[in-house]
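Each chain, written out:
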Amino acid sequence: MTGYETMSYHLETERLILRPWAESDAADFSELLSERGEETSYTVERCRKAIAALLVGTENSGIALLPIQRRDEGDFIGYCGLITGRSTLQEPEIAYELFRRAHNRGYATEAARAVVAAAAATGRRRLWSTVGTWNAPSLRVLEKLDFVRDHLSMEENGEVLWLTRELP
């Protein structure tokens, strides 16, 4: 194993609940991913399979990407959590995505702050984040969470900024 504690798979904030995926999240997940406007088809069935893979990955890695629901309304508004993505299990990457209707309300910052605390509780010392340089709202979230710029890379979709955050 990794030598790290397992990340908490249930996080609560003042306004949000981050919890494990359920098959019933597939339709909402499909709708969220479809907001990206890419040519890729995010069918409900494809999202069911993605959820199954996320659950297996969580079981194997001890880190999780978690659905976000608003506490009072109980609705799915996105996801936030840790992934290996472009990084490693020892220094995972924080990832988040919210429905456009949930933007500009502080939800991404609130959810990501809870995930940073959960990552620190596992014993990890550093997190990464990678964001397209065009994505100013996401960069503002990371700035509020004390992520600092590390380096740039070029990918097929453009310039990507790599940021890090030391954990206590």
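Below or above, wherever it landed, is the structure these notes cover. (Residues numbered from 1 in each chain as written. Predicted model: local features only at pLDDT ≥ 70, side-chain atom pairs only at ≥ 80, totals over all residues. Heavy atoms only, no water.)

1. Brief notes about the side chain of threonine 130
Structurally, threonine 130 is set in strand β6 (residues 126-132). Among the polar contacts made by the side chain of threonine 130, one reaches the side chain of arginine 86 at a distance of 2.4 Å. Here the side chain of threonine 130 touches glutamate 93 through a polar contact of 2.4 Å, side chain to side chain. What threonine 130 contacts, discounting residues up to four positions off in sequence, is Arg86, Glu93, Val160, Leu161 and Trp162. (Helix = DSSP H or I, 4+ residues; strand = E, 2+ residues; numbered from the N terminus. Polar contact = N/O pair within 3.5 Å; in protein donor to acceptor, adjacent residues only side chain to side chain. Contact = heavy atoms within 4.5 Å.)

2. Describing the pairing of strand β5 (residues 93-98)
Extensive coverage of β5 is indicated by the burial of six of its six residues. Of the two faces of β5, the one carrying Glu93, Ala95 and Glu97 and the one carrying Ile94, Tyr96 and Leu98 are both buried. Two elements, strand β4 (residues 76-83) and β5, share six bridges in a ladder whose sense is antiparallel. By the bridge assignment, cysteine 80 is partnered in β5 with tyrosine 96. (Buried < 20%, exposed > 50% of the residue type's maximum accessible area, 1.4 Å probe, protein only. Pairing = 2+ DSSP bridges.)

3. Thoughts on helix α4 (residues 136-144)
Turning to α4, its buried residues are Ser138, Leu139, Val141 and Leu142. Projected down its long axis, α4 carries its buried residues within an arc of 155°, all on one side. For α4, the exposed residues set more than 90 degrees away from the buried face come down to Glu143 and Lys144. Contacts made by the buried residues of α4 are with β5, α3 (107-121), β6, β7 (148-155) and β8 (158-166). Capping of α4 at its N-terminal end is provided by asparagine 135; its side-chain oxygen lies 3.2 Å from the backbone amide nitrogen of serine 138. Trailing α4 by a residue or two, aspartate 146 shows a phi angle of about 70°, which is positive. (Arc of directions from axis to C-beta.)

4. Some details on the packing of aromatic side chains
What the rule picks out here adds up to five aromatic pairs. Ring geometry for tryptophan 21 against phenylalanine 76: centres 6.0 Å apart, planes inclined by 50°, an arrangement best described as tilted. Placement of tryptophan 21 in the loop between β2 (16-18) and α1 (26-34) and of phenylalanine 76 in strand β4 is noted, with a sequence separation of 55 residues between them. Overall, tryptophan 21 belongs to the buried group, its relative accessible area being 7%. Aromatic side chains phenylalanine 29 and tyrosine 79 sit 6.1 Å apart centroid to centroid with 90° between the ring planes, which places their arrangement in the edge-to-face category. A residue pair is termed long-range when its members are at least 10 positions apart, and phenylalanine 29 in helix α1 and tyrosine 79 in strand β4 qualify at 50 residues. Each of the two residues, phenylalanine 29 as well as tyrosine 79, counts as buried. (Phe/Tyr/Trp six-rings, centres within 6.5 Å; stacked < 30°, edge-to-face > 60°.)

5. Some details on the environment of leucine 139
Position of leucine 139 among the secondary structure elements: in helix α4. The exposure class assigned to leucine 139 is buried, which follows from its relative accessible area of 13%. Leucine 139 sits ten residues away from arginine 149 along the chain, and the two C-alpha atoms are 9.8 Å apart.

6. Some details on the packing of α1 against helix α2 (residues 44-61)
Look at α1 against α2: their axes get within 8 Å of each other, and the N-to-C directions meet at 105°. Classed by the angle they form, the pair α1 and α2 counts as roughly perpendicular. Judged by residue contacts, Ala26, Ala27, Phe29, Ser30 and Leu33 of α1 engage Val44, Cys47, Arg48, Ala50, Ile51 and Leu54 from α2. (Axes fitted to C-alpha atoms, helices over the stretch in contact; angles between N-to-C directions. Parallel < 35°, antiparallel > 145°, perpendicular 65-115°, else oblique.)

7. Observations regarding unusual backbone geometry
Phi at asparagine 104 takes a positive value of approximately 65°, unusual for a residue other than glycine. With relative accessibility at 78%, the residue asparagine 104 sits in the exposed group.

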